[in-house]
Amino acid sequence: ETGVTQTPRHLVMGMTNKKSLKCEQHLGHNAMYWYKQSAKKPLELMFVYSLEERVENNSVPSRFSPECPNSSHLFLHLHTLQPEDSALYLCASSLRRGGYNEQFFGPGTRLTVL
Amino acid sequence: AQSVSQHNHHVILSEAASLELGCNYSYGGTVNLFWYVQYPGQHLQLLLKYFSGDPLVKGIKGFEAEFIKSKFSFNLRKPSVQWSDTAEYFCAVNMGNDMRFGAGTRLTVKP
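The residue count restarts for each chain, going from 1 along the sequence in the order it is written. Here the convention is simple: chains get letters from A, ligands get numbers from 1, in the order in which they are written. Local features in this predicted model are restricted to residues whose pLDDT is 70 or higher, and side-chain atom pairs enter the listing and the counts only when it is 80 or higher, whereas totals over whole chains, interfaces and linings include all residues. Computation of side-chain values covers all heavy atoms of the structure but excludes hydrogens and water.

Undergrad: Go over the state of the cysteines, please, and point to the residues and values.
TA: Sulfur atoms of two cysteines make up a disulfide when they are within 2.5 Å. Tallied over the entire structure, the rule returns two disulfides over all chains. Between the sulfur atoms of Cys23 of chain A and its disulfide mate Cys91 of chain A the distance is 1.9 Å. Its S-S torsion of approximately -70° makes the covalent link between Cys23 of chain A and Cys91 of chain A left-handed. With a gap of 68 residues between them, Cys23 of chain A in strand 3 (residues 18–25) and Cys91 of chain A in strand 9 (residues 87–94) connect regions that are remote in the sequence. Like Cys23 of chain A, the residue Cys91 of chain A is buried in the burial classification. Between the sulfur atoms of Cys23 of chain B and its disulfide mate Cys91 of chain B the distance is 1.9 Å. Here the disulfide of Cys23 of chain B and Cys91 of chain B is left-handed, its torsion about the S-S bond being about -65°. With a gap of 68 residues between them, Cys23 of chain B in the loop between strand 3 (19–21) and strand 4 (24–26) and Cys91 of chain B in strand 10 (residues 87–95) connect regions that are remote in the sequence. Burial here depends on accessible area, computed with a 1.4 Å probe over protein chains only, as a share of the maximum for the residue type. Under 20% is buried, over 50% is exposed, and the range in between is partly exposed. You can call Cys23 of chain B buried: its relative accessible area is 0%. Residue classification places Cys91 of chain B among the buried residues on the basis of a relative accessible area of 0%. Distance from the sulfur of Cys68 of chain A, which forms no disulfide, to the nearest cysteine sulfur (Cys91 of chain A) is 9.1 Å. Every helix listed is a DSSP run of H or I at least four residues long, and every strand listed is a run of E at least two residues long, numbered separately from the N terminus.

Next comes the structure, spelled out in structure tokens:
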């Protein structure tokens, strides 16, 4: 148990659906991250929140919309996705952003877009 | 461009063989280095990390890694692998505020 939980673990959605991914950390961390993991590719950093403020958005399409209501919760709202968005979406947290702060990962949400 | 390269995509070894997985990065500033492991069906977890001091760091399960600054490398080693080491291994480098990951190396250990 890493202290970072994600729900749902699996999600199948059509291109016109709206869904949300949820991440929760119980580690008292101040930074949270969304990553996209695709086969044979480096983890792609999507969004970074530090002290509940979005500090990075790596040119992610607007069909992905993050929300961080407090330091323990992070959401990724999905809207009109494309089949190429199918991947494992990982949430992570760290005490602070960058430096020597290791990131703790959740189990991920396996997303399939039909 | 800042990047992390793992040159081996898939490594297959027999039990008791020695392991070395390569990791190189491109960044001119101060770095903090990590190796993560992802066992089948499990989440990414930290194997070891380097911040400063002795460039040879030891992690869990008998793994170690050596930071060679002049080569921008942080290779992972284990003298004798076990079947239970079958997993995907990711090198990660904190460059300033951003952690960048390599594409991962899949290790298969045959019993």
